[in-house]
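The primary structure of each chain is shown beneath.
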Amino acid sequence: MYLPEKILTNADLEKTLDTSDEWIQTRTGIQERRIAQKDEASSTLGANAAKNALNDAGLTPEDLDLIIVCTSTPDVLYPSTACFVQKIIGASRAAAYDISAVCSGFVFGLSIAEQFVKSGRYEHVMVIGAEVNSRIMDWTDRKTCVLFGDGAGAAILKRVESSEPSGILSTHIHSDGNHSDFLIVPGGIGREPVNNDAVDNKMYCLKMAGQSTFKMAVKRMSEVSVECLEYNGLTTEDVDVVVPHQANRRIIETVSQKLNVPLDKFFINIHKYGNTSAASIPIALHEARESGKIQQGNLSLLTVLGAGLTWGAAAIRW
Ligand code: UT7
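Report on the accompanying structure. (Residues numbered from 1 in each chain as written. Predicted model: local features only at pLDDT ≥ 70, side-chain atom pairs only at ≥ 80, totals over all residues. Heavy atoms only, no water.)

1. Some details on the site of the ligand
Okay, so step 1: Around the ligand sit 22 residues in total, of which T19, R27, Q211, N248 and N275 are the nearest.
Okay, so step 2: The separation between an oxygen atom of the ligand and a polar side-chain atom of Q211 is 2.5 Å.
Okay, so step 3: Interatomic distance of 2.7 Å between a side-chain N/O atom of N248 and an oxygen atom of the ligand.
Okay, so step 4: Here the ligand, which alone exposes 950 Å², has 77% of that area covered by the protein.
Okay, so step 5: Broken down by secondary-structure element, the contributors of at least two residues to the shell around the ligand are helix 2 (21-28), helix 7 (210-231) and helix 8 (249-259). (Near = heavy atom within 4 Å. Polar contact = N/O pair within 3.5 Å; in protein donor to acceptor, adjacent residues only side chain to side chain. Areas by Shrake-Rupley, 256 points an atom, 1.4 Å probe, with all protein chains shown as cover. Helix = DSSP H or I, 4+ residues; strand = E, 2+ residues; numbered from the N terminus.)

In structure tokens:
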């Protein structure tokens, strides 16, 4: 993973916004979040996470066949952020492209990588979740700007032979465009190009229907978790660690109740980073491994809901 150094605390937000540390912590679990500096972007955060992943895996940039960057805050409209990452890290052999599934991006990216690796088409596929959410916040809207942060996480999938089911057991992804208005950045491009109206109405900023999204997050993250486990002939009893999308601590607590999986089996780091969209799960995965919460042989369940709506789950045997 890689996170910008600059920390924005709830106390900092209290100075510019009609909010309180107490409200933010009680309603979301967030204490602070990271904010990218001017010279940072999704590509630079993603490239730093990529370098860390390569070191961790003992691989070189030349080993990579494909780089998938999952982001909803790309550096520019085009070319893809993945091409910038490829250039920065010097992965000259790799094909590179972005996918857009917002907070679900990493699980959607994993599902693509899984197919390339399982089919034998590619040997090493890198999936990066990288976001600079701070660039699309309305910093006067307390209902959204307190929730999000910047950061990046990366994973490398490699083909290995195994007699037991291991690695990514399966991924499960879904979409429902009927709720596309729940979380949306409505302007600044095609439908509503940049013009004075779009700027005045902050159409380039995230708008969110918080409560509707909350309800769908609980419902879909729980449903898809069960779907994923049943597909593999597993039950919630078999799960060692759940690595959920970190959007709101209360969503995670409610999913824990619905699944009847104790909260201490959930890895939670939302207090430090807020919601980093597509970067949230790979950052949490990295910290769960580093902290020893995920051990060799463990079964992990990833689960997420994001704008689109999109949602998904993955089961990983380490
Ligand atoms: O990553 C994609 C998925 N994203 C999510 O899953 C986000 C899902 N939604 C949520 O996490 C929650 O709905 C929020 C955290 C966004 C909001 O929490 P809530 O408990 O649903 O609060 P609310 O929107 O019902 O607002 C309750 C009150 C309102 O005041 P009134 O109208 O009752 O007087 C808000 O204006 O809290 C007020 N409020 C705040 N007060 C202080 C909203 N934001 C803030 C704030 N500080 N930052």
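Continuing now.
2. Describing the packing of helix 3 (residues 42-57) against helix 4 (residues 81-89)
Okay, so step 1: Between helix 3 and helix 4, the least distance of the axes is 9 Å, while the angle of their chain directions is 50°. Classified by the angle their axes make, helix 3 and helix 4 are oblique. Remark: the crossing between helix 3 and helix 4 carries right-handed chirality. Contacts between helix 3 and helix 4 involve S42, S43, T44, A47, A50, K51 and L54 from the former and T81, F84, V85, I88 and I89 from the latter.
Okay, so step 2: Taken together, the residues of the contact of helix 3 with helix 4 break down into 7 nonpolar, 4 polar and 1 charged. (Axes fitted to C-alpha atoms, helices over the stretch in contact; angles between N-to-C directions. Parallel < 35°, antiparallel > 145°, perpendicular 65-115°, else oblique. Left-handed = near helix turned anticlockwise from the far one by under 90°. Contact = heavy atoms within 4.5 Å. Nonpolar A, V, L, I, M, F, W, Y, C, P; charged D, E, K, R; others polar.)

3. A word on the side chain of S300
Okay, so step 1: Mapped onto the fold, S300 is located in strand 11 (residues 299-306).
Okay, so step 2: Residues within four places of S300 in sequence aside, it is in contact with V241, I294, A314, A315, I316 and W318.

4. Regarding a nonpolar patch on the surface
Okay, so step 1: Residues L77, Y78 and I189 make up a contiguous nonpolar surface patch of roughly 390 Å² in combined accessible area.
Okay, so step 2: Here I189 is to be found in the loop between strand 8 (183-184) and helix 6 (196-200).
Okay, so step 3: Assessed through its relative accessible area of 43%, I189 is described here as partly exposed. (Patch = residues over 30% accessible without salt bridge, like charges linked within 9 Å, V, L, I, M, F, W, Y side chains within 5 Å. Salt bridge = Lys/Arg side-chain N within 4 Å of Asp/Glu carboxyl O. Buried < 20%, exposed > 50% of the residue type's maximum accessible area, 1.4 Å probe, protein only.)

5. Let's talk about the pairing of strand 12 (residues 310-317)
Okay, so step 1: The element strand 12 is largely enclosed, with a buried count of 7 among its 8 residues.
Okay, so step 2: Bridge analysis of strand 7 (residues 167-175) against strand 12 gives 8 bridges, and the strand direction is antiparallel. By the bridge assignment for strand 12, G167 is matched with R317.
Okay, so step 3: The pairing of strand 11 with strand 12 spans 8 bridges and is classified as antiparallel. By the bridge assignment, L302 is partnered in strand 12 with A314.
Okay, so step 4: Between strand 11 and strand 12, which pair antiparallel one after the other, the connecting turn spans 3 residues, and G308 there sits at a positive phi close to 145°. (Pairing = 2+ DSSP bridges.)

6. Describing the packing of aromatic side chains
Okay, so step 1: Taken as a whole and assessed by the stated rule, the structure comprises 1 aromatic pair.
Okay, so step 2: With a centroid separation of 4.9 Å and 40° between ring planes, the pair formed by F116 and Y122 is classed as tilted.
Okay, so step 3: On the accessibility criterion, F116 (25% relative accessible area) is partly exposed.
Okay, so step 4: Judged by relative accessible area, Y122 falls into the buried class, the value being 17%. (Phe/Tyr/Trp six-rings, centres within 6.5 Å; stacked < 30°, edge-to-face > 60°.)

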